[in-house]
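Residue-level listing of the chains:
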Amino acid sequence: MQTDLVAALDIGGTKIAGALVSGDGTILVRAQRPTPARENGETVMRAVEEVLAELTSSPLWPRAYALGIGSAGPVDASRGTVSPVNVPGWRDYPLVDRVRAAAGNLPVELIGDGVAITAAEHWQGAARGHDNALCMVVSTGVGGGLVLGGRLHTGPTGNAGHIGHISVDLDGDPCPCGARGCVERIASGPNIARRALENGWVPGPDGDTSAAAVAAAARTGDPVARASFDRAAQALAAGIAATATLVEIDIAVIGGGVGKAGEILFTPLRRYLADYATLSFVRPLTVAPARMGTDAGLVGAAAAALAGVAAAGV
Ligand SMILES: [Zn+2]
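Just so it is clear, the structure is predicted and the values come from calculations on it, not from any experiment.

Asker: What should I look at first to understand helix α7 (residues 223–247) in this one?
Answerer: For an α-helix, 3.6 residues make a turn, and residues three or four places apart therefore share a direction. For α7, spanning 25 residues, the distance from its first C-alpha to its last is 36 Å, which sits close to the expected 36 Å at 1.5 Å a residue. A positive phi of about 60° marks E248, the residue just after α7.

This is the structure we're talking about:
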């Protein structure tokens, strides 16, 4: 039988999604389970195995020749292990071995979820056609990944491009990662909402205190809400400018819930980029909203499986 498909797993703190994906990125078969994130490691793995069992029972399964995993991080691709912050039952968990065993010993590629999103945006989304790009997810946390010289740059452990934990405020607030003033500590959705509340923003009658609610208030002209997005935009701009100066990216793509805030985020972001990205070789840098939807993680994991097998010369 023709082997022209790859399998993909997208493992996050709330759901575990799986798919069989064609070489052009079309999702042909899907499976999904909620992540039992507070349970022990074996219970979480059972949910992964249930997703895989649905895929392997598909009549299309024999056409799959590789499997890609995009997982919440940190991951260690060199050892095939994951330690997702939001899944405490998995610490140095041997995910690659376990998935390979449940998937008929297919070759398995593991990448972090930020790198997976980047692979998807580069393949089919806003970074398509750009050989040097930074893609970011700005939501509960801030993650990212890099495309350099036309190829996904994962780094030895699969975490390269994790811009959320670059410090942009040297003596800033302590970050849960242990450093200070990280991009995530300033620009993530919960931190945008926290800062607005601390500065006197009053949520609407529905009591919604999410970053989306802050964005809605900013759109109506609320100065405190606007200021909180302005500060997030400044942190993102500093991180993006630093990245561009180090590795010469020409586009930064921003997705995730905060990325959906639209011009409330992008207008100040472009203004601050002009302040921080000043050298001649970074001045042409543009920023754009992500184009891939909720399937980005699956499509990116599939891209990693396709690229991994190609790199191995199979
Ligand atoms: Zn940090």
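Asker: When you look at the sheet that holds strand β8 (residues 133–138) in this model, what are you seeing that I'm missing?
Answerer: Taken together, the 5 strands give an open sheet; going across it, the order is β10-β9-β8-β11-β12, and neighbouring strands pair in mixed fashion. At either end of the open sheet lies a strand with only one pairing partner, and these are β10 (151–153) and β12 (286–289). Across the sheet, the axes of successive neighbouring strands diverge by a mean angle of 25°, strand direction being ignored. Examined bridge by bridge, strand β9 (residues 142–148) and β10 share 3 bridges and lie antiparallel to one another. Its bridge partner being in β10, V147 is matched across the sheet by L152.

Asker: Would you take a moment to explain the domain arrangement of the chain for this structure?
Answerer: Interface size is often expressed as the accessible area that is lost when the parts come together. Considered domain by domain, the chain is made up of domain 1 (5–116 + 294–311) and domain 2 (129–289). Centre-to-centre, using C-alpha coordinates, domain 1 lies 27 Å away from domain 2. Residue-level contacts link 13 residues of domain 1 with 12 residues of domain 2. Partitioning the side of domain 1 that touches domain 2 into residue classes produces 7 nonpolar, 4 polar and 2 charged.

Asker: How do you make sense of helix α3 (residues 113–124) when you look at a structure like this?
Answerer: Its 12 residues give α3 an end-to-end C-alpha distance of 16 Å, which sits within 8% of 16 Å, the value for a rise of 1.5 Å per residue. All of the buried residues in α3 are D113, G114, V115, A116, I117, T118, A119, A120, E121, H122 and W123.

Asker: How do you make sense of the packing of helix α1 (residues 41–56) against helix α2 (residues 95–102) when you look at a structure like this?
Answerer: Helix-helix packing is described using two parameters, namely the angle between the two axes and the distance between the axes. Two numbers describe how α1 lies on α2: the axes approach to 10 Å, and their chain directions differ by 35°. When you trace α1 past α2, the crossing you get is right-handed. Note on element contacts: α2 touches α1 through R98, V99 and A102, opposite M45, V48, E49 and L52. Each residue belonging to the contact of α1 with α2 can be placed in one class, and the counts come to 5 nonpolar, no polar and 2 charged.

Asker: In this structure, what is going on with the environment of A179? I would like to understand it.
Answerer: For A179, the position within the fold is in the loop between β10 and α4 (183–187). For the pair A179 and G112, spaced 67 residues apart in sequence, the C-alpha separation works out to 21 Å. Leaving out residues up to four positions away in the same chain, A179 has contacts with H165 and S167.

Asker: What is the right way to look at the nonpolar core in this model?
Answerer: For soluble globular proteins, the rule of thumb is that nonpolar side chains tend to be buried together. The biggest cluster of nonpolar side chains holds 109 residues, and the ones touching the most others in it are V6, V214 and F229. The dominant element in this core, judged by the number of residues it contributes, is α7, at 11 residues. A domain split of this core shows at least three residues from each of domain 1 (5–116 + 294–311) and domain 2 (129–289). Ignoring sequence-local partners within four residues, the contact set of F229 consists of I192, V214, A215, A218, A261, I264, L265 and P268.

Asker: Explain the sheet that holds strand β4 (residues 64–71) here, please?
Answerer: Sheet strands pair via backbone hydrogen bonds, and the direction of the pair is either parallel or antiparallel. Pairing is mixed in the open sheet, where 5 strands are placed in the order β3-β2-β1-β4-β7. Of all strands in the sheet, those bounded by a partner on one side alone are β3 (27–34) and β7 (108–112). Sheet twist, expressed as the mean angle between neighbouring strand axes with direction ignored, is 15°. Two strands pair when backbone bridges link them, and strand β2 (residues 15–22) and β3 are joined in this way by 7 bridges, in the antiparallel orientation. The residue of β3 that forms the bridge with G18 is A31. Sheet strands touched by α2: β1 (5–11), β4 and β7. Its angle to β7, the strand with the most contacts, is close to 140°. Across the face of the sheet, α3 comes into contact with β1, β4 and β7 while running at roughly 100° to β7.

Asker: How do you make sense of the pairing of β8 when you look at a structure like this?
Answerer: Sheet faces and side chains relate simply in a regular strand, where the side chains alternate between the two faces. Counting buried residues along β8, 6 of its 6 residues qualify, which places the element largely inside the surrounding structure. Judged by which residues are buried, β8 turns out to be covered on both faces: A133, C135 and V137 on one side and L134, M136 and V138 on the other are all buried. In the sheet, β8 pairs with β9 via 6 bridges, with the strands oriented antiparallel. By the bridge assignment, L134 is partnered in β9 with L146. In sequence, β8 turns back onto β9 through a hairpin of 3 residues. One ladder, built from 5 bridges, connects β8 with strand β11 (residues 251–255); its direction is parallel. Considered in β11, the bridge of M136 is made with I254.

Basis of the calculations
- Residues numbered from 1 in each chain as written.
- Predicted model: local features only at pLDDT ≥ 70, side-chain atom pairs only at ≥ 80, totals over all residues.
- Helix = DSSP H or I, 4+ residues; strand = E, 2+ residues; numbered from the N terminus.
- Expected span 1.5 Å × (residues − 1).
- Pairing = 2+ DSSP bridges.
- Axes fitted to C-alpha atoms, helices over the stretch in contact; angles between N-to-C directions.
- Domains from an automatic or database assignment.
- Contact = placed C-beta atoms within 7 Å.
- Nonpolar A, V, L, I, M, F, W, Y, C, P; charged D, E, K, R; others polar.
- Buried ≥ 20, exposed ≤ 12 C-beta atoms within 10 Å, placed from the backbone.
- Left-handed = near helix turned anticlockwise from the far one by under 90°.
- Core = buried A, V, L, I, M, F, W, Y, C linked by C-beta atoms within 7 Å.

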